[in-house]
Each structure stands twice: as C-alpha cells, then as structure tokens.
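# Commentary on secondary and tertiary structure
So you can see what is in the structure, the chains are spelled out below.
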Amino acid sequence: MQTRTLGSTGPAVSALGLGAMGMSGAYGAADRAESIATVHAALEAGVTLIDTGDFYAMGHNELLLAEALRGRDRDSYQLSVKFGMLRGPGPEFGGTDGRPEAVKNFLAYSLTRLGTDHIDIYRPARLDPTVPIEETVGAIKEMIDAGYVRHLGLSEVDAATIRRAHAVYPVADLQIEYSLVSRAVEAEVLPALRELGIGLTAYGVLSRGLISGHWSAGHTAGPGDGRGFSPRFSPGNVEHNLTLVEALRRIAEAKGCTVAQLAIAWVAAQGEDIVPLVGARTRERLAEALPAMELSLSTDDLAGIEKAVPRGAARGDRYPSLFMAGLGVGN
C-alpha cells in the first residue's frame, strides 16, 4: 500500500482509507462479524487510516472499531474521529455543538469507547453556526497540547472557515465529499487547501454506492438505509444518474477494471494531497476497492472520464435539503 501525507503538518497515512460508518447501519443492517473481518483485512492490506464519528449509531461504530482493533499496535493505524453532531433517541439529528466544553466532553467519551489514549485526527463534523470556529479549534489545540489528540482536522466547511481555523492551529486535513459527481470542492476549497498546505480526505468517492457499478434502476433502499432519503437516489434522478454510470462502465471495461475502481482511481489521481476513503463494509467490497490504487489513468483516460461524467452532470443534491444548509460547499 502506498502512503500519502496529509498536508504539511499531518501524518503519513495509507493512500486509501477505510470509512466505517456503513458498518453501523447507515445503509441498512450490517453484519458485525463481517465488519470486524473487513477491518482486519484492511489492516492486513496496509490500510492504516480508519475514519469514524462519535454519532455513528450513537457510539456503536466506535465500540465496533475498539473490538476490531483490540490487540493491534496503536502506532500501526490512525484514527480519524468526527464529533459534534447531536442526535435524539430516534433517527433525527438535533444540530451541532462546537462549544469548547462540548469538544472535551465528546473527546472523553470517544477515547473511552475506542479504548485508546489518543485520537490521531479530531475534527468537528459540521460547523456550529453559533460558535466561532476559533473557539472550537482552540479547544482541540488544548487537547493536542495535553496529548489526547495528535492532529486537527476539519469537515465540510468553506474556504473562509478553513483559513480562520488554520490561523489558530495548523489544520492537517479537510474531510469533504469529493467524487466524479460531487465536485464543488474544486472551485474554492481545494485551491485554498493547497495554498495553506492542508490535505484532503475524500469521502463519498462512490457517492454512497450510486457510481459503484452495483446499483441498478429499480433497486430500492431497504429498512434503515439512508439512501432512501437521498435526492440522487430518488425516482427520476436515479435513472439519469445511472446513465452516467453506464458511460463509466464502458471506459472501465476498456481499462480492464470495475466501475468502482475507476471512480476511486479518478479521485486519487486528482492530487497526491488527496486520500480517498472507501466505505467498504464487507471483505468483498474492500477487495474490489484496493486495486484502484494501482490503476494508472493517462491524460486520455482522464479526458474520457470527464466527457462521460462532466462536472455537474448528476441530478439531485448530495444530501436532503435539511442537511444541505449545514455544508460549506454544495454539490
């Protein structure tokens, strides 16, 4: 597994990271044993960056990772943890909390659930509009100084917020959705990251399975699967979006790879400062994703992909309208 460094101040991590959210029911029921086996397979393949959030199934995901990572050398992997999203006992979200005292509280719970003495990259999941980002970052800086956190990260914020946060403490990376069908980051955010020497960890590289090559027209999301509320999977939009996938499939077949591998490789090819995260929750899907990092895309390949899926070609927002308002950039 190749490695990439997250910005000028961040850690060296595997060039492909594992996003664990889907292992806690975000896309319907997940198999606990298979999830743990997938984490083990990722580690054995050289994946070192594992991403989670303390609000993924209200701590379930962190407890799952603690079980999967038990007995492993703590220096052999990096934990990226998002915090601050407020939940209720049902499926609803209750906003965000970036207050300094909340930062420390969230961190204490995450350290306990994960069974570790430090988090490698700690980041607010979304910007709290009621708390200056300087105050949230200042609290994380205190936790870095105390040894509980190694690096500061951000998630889903705009270029101006990145600059304000970076002025308080060096930001290692921004986590944000970036894929062939979600490219808003390219306009202002990615140039700002490169100017400041900040890395990017890209989630949603397969747009929650939409451009994986495995989703088909007429397929419906099952119970507990958040894609049932996603505008891009809604009737009318999904059929159009799947025509883009078929255009990608023709290129993938010519390259001798799968659609998913092509889509992951495209994100990785956008810069050495970008680390794609794949949300594989089975060993089968992980095994498909891993070869993407060895896939070389020529200038002609990239031009063909751009023609097949032009910027802005997808229909539907990447989140329901309620969540779009909390994002630093759009689609």
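Whatever comes next refers back to the structure up there.
Now for a description of the structure that goes with this document.

### Observations regarding helix H7 (residues 237-255)
Between its terminal C-alpha atoms H7 stretches 28 Å, which fits the 27 Å expected from 19 residues at 1.5 Å a residue. What H7 keeps buried is the set Asn237, Val238, Asn241, Leu242, Leu244, Val245, Ala247, Leu248, Ile251 and Ala252. In the core, the buried residues of H7 are packed alongside helix H8 (259-268) and helix H10 (299-308). Just downstream of H7 lies Gly256, where phi reads positive at about 75°.

### A short note on the pairing of strand S12 (residues 274-278)
Look at any regular strand and the pattern is simple: side chains alternate between the two faces of the sheet. Of all five residues making up S12, five are buried, and the element is well covered by its neighbours. As judged from the two bridges shared by strand S3 (residues 17-19) and S12, these two strands associate in the parallel manner. Looking at S12, one finds that Leu18 is bridged to Val278. Of the pairings in the sheet, the one linking strand S11 (residues 199-203) to S12 comprises three bridges and is parallel in character. Within S12, the residue paired with Thr201 across the bridge is Val275.

### Concerning the packing of aromatic side chains
Under the counting rule described, the total for this entry stands at seven aromatic pairs. Ring geometry for Phe83 and Tyr122: centres 4.5 Å apart, planes at 20°, overall stacked. Remark: Tyr122 occurs in strand S8 (residues 119-124) and Phe83 occurs in strand S5 (residues 78-83); sequence separation between them is 39 residues. Each member of the pair, Phe83 as well as Tyr122, carries the same accessibility label: buried. Clustering of aromatic rings is evident, with ring pairs tying together Phe83, Phe106 and Tyr122. Taking the ring centre of Phe93 as reference, the NZ or CZ of Arg87 above it sits at 4.3 Å. Note that Arg208 overlies the ring of Tyr319, its terminal NZ or CZ placed 4.7 Å from the centroid.

Rules and cut-offs
- The numbering scheme is per chain: residues are counted from 1 as the chain's sequence reads.
- The predicted origin of the model limits local features to residues at a pLDDT of at least 70 and limits the giving and counting of side-chain atom pairs to 80 or more, whereas totals for whole chains, interfaces and linings rest on all residues.
- Each side-chain value is worked out from all heavy atoms of the structure, with water and hydrogens disregarded.
- Each helix corresponds to a stretch of at least 4 residues labelled H or I by DSSP, and each strand to a stretch of at least 2 residues labelled E; elements are numbered beginning at the N terminus.
- For a helix, the expected span equals 1.5 Å multiplied by the number of residues minus one.
- Residue burial is assigned from relative accessible area. The probe radius is 1.4 Å, only protein chains are included, and a residue is buried under 20% of its type maximum, exposed over 50%, and partly exposed in between.
- Only heavy atoms matter for contacts: two residues are in contact if any of them lie within 4.5 Å across the pair.
- Paired strands, as defined in this entry, are two strands with at least two bridges between them according to DSSP.
- Put simply, two rings from Phe, Tyr or Trp (the six-membered ring, in Trp's case) pair if the centres are within 6.5 Å, and we call them stacked under 30 degrees between planes, edge-to-face over 60, tilted for the rest.
- A positively charged side chain is recorded as over a ring if its NZ (Lys) or CZ (Arg) lies within 6 Å of the ring centre. The angle to the ring normal must also be within 35 degrees.

Structural measurements only, silent on function.
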